[in-house]
Amino acid sequence: MELDLSPKLAKKVYGGEGGAYYAWCPDELPMLRQGNIGAAKLGLQKNGFALPRYSDSAKVAYVLQGSGVAGIVLPEKEEKVLAIKKGDAIALPFGVVTWWYNKEDTELVILFLGDTSTAHKSGSFTDFFLTGSNGIFTGFSTEFVSRAWDLEESVVKTLVGNQPEKGIVKLDASVKMPEPNKEHYNGMALNCEEAPLDVDIKNGGKVVVLNTKNLPLVGEVGLGADLVRLDGNAMCSPGFSCDSALQVTYIARGSGRVQVVGADGKRLLETTLKAGNLFIVPRFCVVSKIANPEGMDWFSIITTPNPIFTHLAGRTSVWKALSPEVLQAAFNVPADVEEKFSSKRKAEEIFFPPPN
């Protein structure tokens with residue numbers, strides 16, 4: 001049975017006045033389950049508050065839109081309160097408790113991509129809420145909670161039962177939340193739109209790679225990530241992950257075309273990508289994209305903290321490393337054809353501007 005690689009949109013799981021939580025279903029995007037990858041989005045309206053929770057999966061969070069506040073508690077550590085905005089990537093290892101809050105008029109939208117190899121359900125995140133109608137302590141008896149918290153049972157009933165909402169609530173505008181601490185941001189997050197560029201090709205595109213060098217915490221998550229901004233009508237070189245990693249890609253802005261080719265030269269996917277689409281490139285398969293006139297931005301995770309890619313076109317491609325004799329024999333062409341092939345793309349790498 002062939003895998004369906006076609007890109008999909010997220011579907012709403014729950015929500016209310018404060019916002020909504022969306023997820024991609026592994027039944028609709030089978031590569032999620034096969035690759036042990038989870039993908040979800042959180043959207044918070046003004047004064048929306050995502051209740052404290054922890055997850056069964058390590059993740060990378062990426063702010064797609066807006067600005068807000070994130071609370072993060074690493075195991076046996078103090079709470080860190082971060083001001084977050086569009087372009088911020090945050091590494092969330094196992095055992096982290098998080099909460100999210102939006103006090104601005106613009107919706108705060110956060111993408112979550114992560115590894116579900118040890119999750120309850122392969123291809124899906126399961127969150128465990130500390131409060132709310134489905135909070136952990138609603139399942140314990142009042143006696144147990146009273147003993148654990150050293151409180152009277154009447155107080156316990158108030159604490160556990162007073163929050164009727166699930167997952168996301170809308171707070172009154174008068175409620176005061178913790179103020180972010182600038183020092184907490186360092187080492188916890190990296191703004192991919194402001195970080196030094198790893199690749200910058202005029203009229204081609206730009207890349208910022210998230211790895212253990214610029215955000216060491218991704219080593220604990222076990223994932224790498226990158227933000228790619230492809231200019232209008234530019235092409236991203238055909239290439240593949242040569243360390244058996246999967247590429248999970250979310251289209252953040254714009255649109256374009258994509259082709260994915262697998263073993264035996266079989267084209268596995270050819271389609272148009274649009275903002276909001278998620279798609280996955282299987283291990284060792286070759287992918288290439290061409291942006292539409294408005295350009296195309298995407299955020300990807302790679303299932304290794306320090307990914308390595310092999311490109312099949314451009315200055316750094318494997319073709320430039322092979323000797324002319326090998327090229328002639330491999331292509332079964334005369335020397336003049338090989339020379340013409342080798343003379344092209346000597347300066348460009350990774351991204352190719354549109355033809356004149």
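Fair warning: this is a prediction, and the values are worked out from it, not measured in the lab. (Residues numbered from 1 in each chain as written. Predicted model: local features only at pLDDT ≥ 70, side-chain atom pairs only at ≥ 80, totals over all residues. Heavy atoms only, no water.)

(A) Up close: the nonpolar core. Counting 81 residues, the largest nonpolar core has Trp100 and Phe299 as its most contacted members. Counting nine residues, the second-largest nonpolar core is a separate cluster that includes Phe49, Val169, Leu171 and Met177. (Core = buried A, V, L, I, M, F, W, Y, C linked by side-chain atoms within 4.5 Å. Buried < 20%, exposed > 50% of the residue type's maximum accessible area, 1.4 Å probe, protein only.)

(B) Up close: the UniProt feature "domain: Cupin type-1" (unreviewed entry) in the protein. Mapped onto the present numbering, the UniProt feature "domain: Cupin type-1" (unreviewed entry) falls on residues 3-157 and 195-339. Taken end to end, residues 3-157 is 12% helix and 45% strand, and its two terminal C-alpha atoms sit 49 Å from one another. Its end C-alpha atoms 39 Å apart, residues 195-339 is made of 14% helix and 48% strand. (UniProt positions renumbered as here; feature names shortened; annotations may be inferred. Helix = DSSP H or I, 4+ residues; strand = E, 2+ residues; numbered from the N terminus.)

(C) Structural view of the side chain of Arg53. Along the chain, the position of Arg53 falls in strand E4 (residues 48-55). A distance of 2.8 Å separates a polar side-chain atom of Arg53 from the backbone oxygen of Gly167. (Polar contact = N/O pair within 3.5 Å; in protein donor to acceptor, adjacent residues only side chain to side chain.)

(D) Structural detail: the packing of aromatic side chains. Considering all chains together, one arrives at 13 aromatic pairs under this definition. Between Tyr14 and Phe129 the ring centres are 6.3 Å apart and the planes differ by 80°, which places this aromatic pair in the edge-to-face class. One end of the pair, Tyr14, is in strand E1 (residues 11-16); the other, Phe129, is in strand E11 (residues 127-129), with 115 residues separating them in the sequence. An identical accessibility class is assigned to Tyr14 and Phe129; each is buried. Their ring planes at 35° and their centres at 5.9 Å tell us that Phe137 and Phe140 sit as a pair that is tilted. The exposure class assigned to Phe137 is partly exposed, which follows from its relative accessible area of 23%. Accessibility expressed as a relative area gives 43% for Phe140, which makes it partly exposed. Connected via pairs of aromatic rings, a cluster forms that spans Phe137, Phe140, Phe144 and Trp149. The ring of Trp298 carries Lys289 above its face, with NZ or CZ at 4.2 Å from the centroid. (Phe/Tyr/Trp six-rings, centres within 6.5 Å; stacked < 30°, edge-to-face > 60°. Lys NZ or Arg CZ within 6 Å of the ring centre and 35° of its normal.)

(E) The packing of helix H7 (residues 324-331) against helix H8 (residues 335-343), seen in detail. Between H7 and H8, the shortest axis-to-axis distance is 9 Å and the interhelical angle comes to 115°. By the angle class used here, H7 and H8 are roughly perpendicular. Once H7 is placed against H8, the crossing between them reads as right-handed. Facing H7, whose interface residues are Pro324, Leu327, Gln328 and Phe331, H8 presents Ala335, Glu338, Phe341 and Ser342. (Axes fitted to C-alpha atoms, helices over the stretch in contact; angles between N-to-C directions. Parallel < 35°, antiparallel > 145°, perpendicular 65-115°, else oblique. Left-handed = near helix turned anticlockwise from the far one by under 90°. Contact = heavy atoms within 4.5 Å.)

(F) Quick look at unusual backbone geometry. Non-glycine residue Phe284 carries a positive phi angle of around 70°. Overall, Phe284 belongs to the partly exposed group, its relative accessible area being 48%.

(G) Structural view of the packing of helix H2 (residues 142-149) against helix H3 (residues 153-161). At their nearest, the axes of H2 and H3 sit 9 Å apart, and the two run at 100° to each other. Considering the angle they form, H2 stands roughly perpendicular to H3. Along the contact surface, H2 presents Thr142, Glu143, Val145, Ser146 and Trp149, while H3 presents Glu153, Val156, Lys157, Leu159 and Val160. The class makeup of the residues in the contact of H2 with H3 is five nonpolar, two polar and three charged. (Nonpolar A, V, L, I, M, F, W, Y, C, P; charged D, E, K, R; others polar.)

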